[in-house]
Amino acid sequence: MRLINVRPRRGTAVLLACLPFVVLALAYLVGSAVRLAENPSDKLLPALSTIVQTVKLYAFTADRRTGLYLLWSDSAASLGRLFAGIGIATALALLLGLLNGILPVVRAVLAPFVAVVSMVPPLALLPILFIVLGLGEVSKVTLIVIGVAPILIRDLALSAQALPREQIIKAETLSASTWLIATRVVLPQVLPRLIDSLRLQIGPAFLFLIAAEAISADSGLGYRIFLVRRYLSMDVIFPYVAWITLLAVAMDLGLTALRRRVFPWSELERGR
Amino acid sequence: MSGIEIRNLWKEYGDQVVLQNVDLTIAPRAFIALVGPSGCGKTTFLRMLLGQEAPTRGTITLDGAPLPHEPGPDRGVVFQRYSVFPHMTVLGNVMAGPELRASRLLGRTFGVRRRAIADEAHAMLAEVGLAGSEDKYPAQLSGGMQQRLALAQALMMKPKVLLLDEPFGALDPGIRSDIHRLMKRLWNEVPMTVVMVTHDLREAFTLATRIIAFERTRDRPEERLRYGATITRDILIWPPRSAGKTTIWDADLLPGRDDPTIPGPIAGTTWPKEEPDADAYPPLR
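Conventions used here
Residues numbered from 1 in each chain as written. Chains lettered and ligands numbered in written order. Predicted model: local features only at pLDDT ≥ 70, side-chain atom pairs only at ≥ 80, totals over all residues. Heavy atoms only, no water. Helix = DSSP H or I, 4+ residues; strand = E, 2+ residues; numbered from the N terminus. Buried < 20%, exposed > 50% of the residue type's maximum accessible area, 1.4 Å probe, protein only. Contact = heavy atoms within 4.5 Å. Areas by Shrake-Rupley, 256 points an atom, 1.4 Å probe, with all protein chains shown as cover. Rg over C-alpha atoms; globule rule 2.2 N^0.38 Å. Buried area = accessible area lost by both parts, 1.4 Å probe. Salt bridge = Lys/Arg side-chain N within 4 Å of Asp/Glu carboxyl O. Polar contact = N/O pair within 3.5 Å; in protein donor to acceptor, adjacent residues only side chain to side chain. Nonpolar A, V, L, I, M, F, W, Y, C, P; charged D, E, K, R; others polar. UniProt positions renumbered as here; feature names shortened; annotations may be inferred. Expected span 1.5 Å × (residues − 1). Bend = angle between axes of the 7 residues up to and from the residue.

## A short note on the overall build of chain B
Then, number 1: Each helix and strand counted, chain B has 6 helices and 10 strands in total.
Then, number 2: Sorting the 285 residues of chain B into buried and exposed places 49% on the buried side.
Then, number 3: Restricting to contacts in chain B with at least 6 residues of sequence separation, those with at least 24 account for 67%.
Then, number 4: Accessible surface computed for chain B: about 13,700 Å², of which carbon and sulfur atoms make up 55%.

Have a look at this one:
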């Protein structure tokens with residue numbers, strides 16, 4: 001039988017999916033054990049027990065100086081910025097992307113501008129944002145918006161344009177105005193697509209968040225990682241990175257579940 | 001009522017002449033089939049009737065008034081594909097037209113008005129044989145059922161003209177003949193003119209009252225750019241079909257009478273008044 005026709009069964013598929021994670025964990029444990037055997041004060045690959053100790057310290061013990069549980073206060077600060085940024089970017093994308101996708105007049109004005117703006121490397125703007133908006137929350141949120149919004153806008157505009165022309169015509173014969181076509185025909189059909197492109201933008205959004213926090217912040221996941229970097233505290237960095245990854249994966253799964261729940265038809269259309 | 005009048009219609013895309021010198025008067029309640037080889041401009045002609053495209057020269061009037069240059073609720077349409085909204089349920093699709101017309105801000109109605117529209121939609125769905133599928137999404141329907149849905153959706157607006165762009169071209173032969181029967185019945189029942197583009201001559205002769213053939217009169221390679229297609233044949237079906245009155249050839253026999261030549265009242269429409277024809281429209285799951 002050709003390899004291309006070999007399909008794993010359900011149970012096997014789950015096992016196979018776990019395999020890379022297990023391999024990575026094993027590789028870490030072995031590497032850590034070898035290095036620690038050589039030099040007990042090695043900081044690069046701390047032992048599992050050390051990591052567990054650190055997690056306990058960060059997540060379940062109040063900080064002596066501030067009285068905060070650092071992991072949670074960092075998460076709250078970071079997620080607040082992230083959600084504010086993504087929320088504003090989504091709202092912008094809905095408004096501009098939809099206008100751009102539906103109205104040829106707006107497209108003539110906006111499309112080239114958005115296309116150029118989306119090519120500006122957002123991190124290169126970070127100094128400008130810090131100078132103009134100060135070192136507070138606004139500049140960090142703005143960075144996320146600038147990084148994420150143009151791509152969302154373009155994606156939304158493209159998917160609005162990709163709707164079959166027939167549907168727009170049909171809506172016109174059903175007496176719909178431009179407003180009604182936008183809100184009742186186009187918008188509901190691009191929302192599932194918007195959720196999917198949001199999922200793809202979670203990664204970049206975290207990137208911009210951590211970059212901004214690394215440079216200037218007094219709390220946040222990125223701030224903490226870059227703070228403890230000075231002390232080579234891999235036992236803090238590793239759990240933080242794992243936690244950020246977990247958060248991102250949870251958001252991804254959550255968005256997929258949301259799409260399936262709110263737009264059941266989008267799952268049906270996908271199979272066609 | 002004076003139907004559709006097309007006078008000296010030309011359509012050009014840049015240098016390419018697509019249609020030239022089309023003159024046609026379509027009587028109210030006619031069922032016109034537009035036939036012709038691929039690329040002869042019959043779909044372009046339909047799009048101009050729809051208002052999706054503007055003629056380069058010439059005029060189209062509907063009941064004496066010039067046609068607006070955009071689609072509107074007086075002209076319904078069913079395309080071969082993408083005619084229904086995938087994000088609305090079957091019932092939602094059929095209710096869409098009246099709801100959009102009634103509520104200009106939200107496109108949704110509530111309460112009594114909504115119930116009235118829903119009742120009308122249920123009746124329409126029953127008429128096209130989709131009763132029981134109200135809560136499904138179009139993706140869960142077969143091709144034939146989707147086209148029935150598209151017809152129901154368009155007819156809810158009570159259009160003066162129903163435009164069909166190869167609506168049954170993608171269907172299996174068996175399904176197609178079922179939907180032909182439905183189409184014939186709807187045309188008899190609903191006061192509308194039908195213009196249908198089709199590739200299928202058999203379909204054209206089965207349904208239409210009149211068949212219009214588009215063809216290029218000059219088709220040598222060097223002539224193709226500057227000469228478009230025009231009407232080359234205009235065939236009236238014999239015996240004449242007229243809406244609401246079936247000919248003796250399609251007549252349903254009156255109860256207790258099996259000889260169609262015996263004079264008597266015309267058997268009426270093919271719409272089964274007392275009880276639905278169980279064989280023609282099998283109950284759906």
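## Looking at the overall build of chain A
Then, number 1: When you go through chain A residue by residue, the secondary structure sums to 11 helices and 0 strands.
Then, number 2: Helices and strands appear in chain A in the N-to-C order α-α-α-α-α-α-α-α-α-α-α.
Then, number 3: The globule rule puts the C-alpha radius of gyration for 272 residues at 19 Å, and the 23 Å found for chain A is more than 25% above it.
Then, number 4: Its C-alpha atoms give chain A principal-axis dimensions of about 75 × 65 × 30 Å.
Then, number 5: Per-residue burial for chain A yields a buried fraction of 42% across its 272 residues.
Then, number 6: By sequence separation, contacts in chain A at least 24 residues apart represent 68% of the contacts at least 6 residues apart.

## Overview of the interface of chain A and chain B
Then, number 1: The partner chain B presents 38 residues to the 24 residues of chain A that form the contact.
Then, number 2: Across the chain A to chain B interface the summed buried area is about 2,700 Å²; carbon plus sulfur atoms make up 64%.
Then, number 3: For chain A, the biggest contributors to the area lost against chain B are K170(A), L174(A) and R184(A); these three give 28% of the whole.
Then, number 4: Two residues, R184(A) and E99(B), come together in a salt bridge whose shortest N-O distance is 3.7 Å.
Then, number 5: Here chain A and chain B share 8 residue pairs in polar contact (both at pLDDT 80 or more) between them.
Then, number 6: Put simply, the parts of the chain that give the side of chain A that touches chain B at least two residues each are α7 (165-173), α8 (178-215) and α11 (264-270) of chain A.
Then, number 7: Take the side of chain A that touches chain B: its biggest share by element is 8 residues, from α7(A).
Then, number 8: Partitioning the side of chain A that touches chain B into residue classes produces 12 nonpolar, 5 polar and 7 charged.

## Details of the UniProt feature "domain: ABC transporter" (unreviewed entry) in chain B
Then, number 1: In the numbering adopted here, UniProt assigns the feature "domain: ABC transporter" (unreviewed entry) to residues 4-241 of chain B.
Then, number 2: Secondary structure across residues 4-241 of chain B divides into 32% helix and 26% strand, with the first and last C-alpha atoms of the span separated by 19 Å.

## Overview of the UniProt feature "transmembrane region" (unreviewed entry) in chain A
All names here are of chain A.
Then, number 1: Under the feature "transmembrane region" (unreviewed entry), the UniProt entry names residues 12-31, 82-103, 109-134, 199-217 and 237-258.
Then, number 2: Within residues 12-31, the helical portion is 100% and the strand portion 0%, while the C-alpha atoms at the span's ends are 28 Å from each other.
Then, number 3: Secondary structure over residues 237-258 splits into 100% helix and 0% strand, and the C-alpha atoms at its two ends are 31 Å apart.

## A look at α8(A)
Then, number 1: For α8(A), which comprises 38 residues, the first-to-last C-alpha distance of 46 Å sits more than 12% below the rise-based estimate of 56 Å (1.5 Å per residue).
Then, number 2: Its maximal kink placed at L187(A), α8(A) deviates by approximately 45°, while the proline P188(A) follows within four residues.

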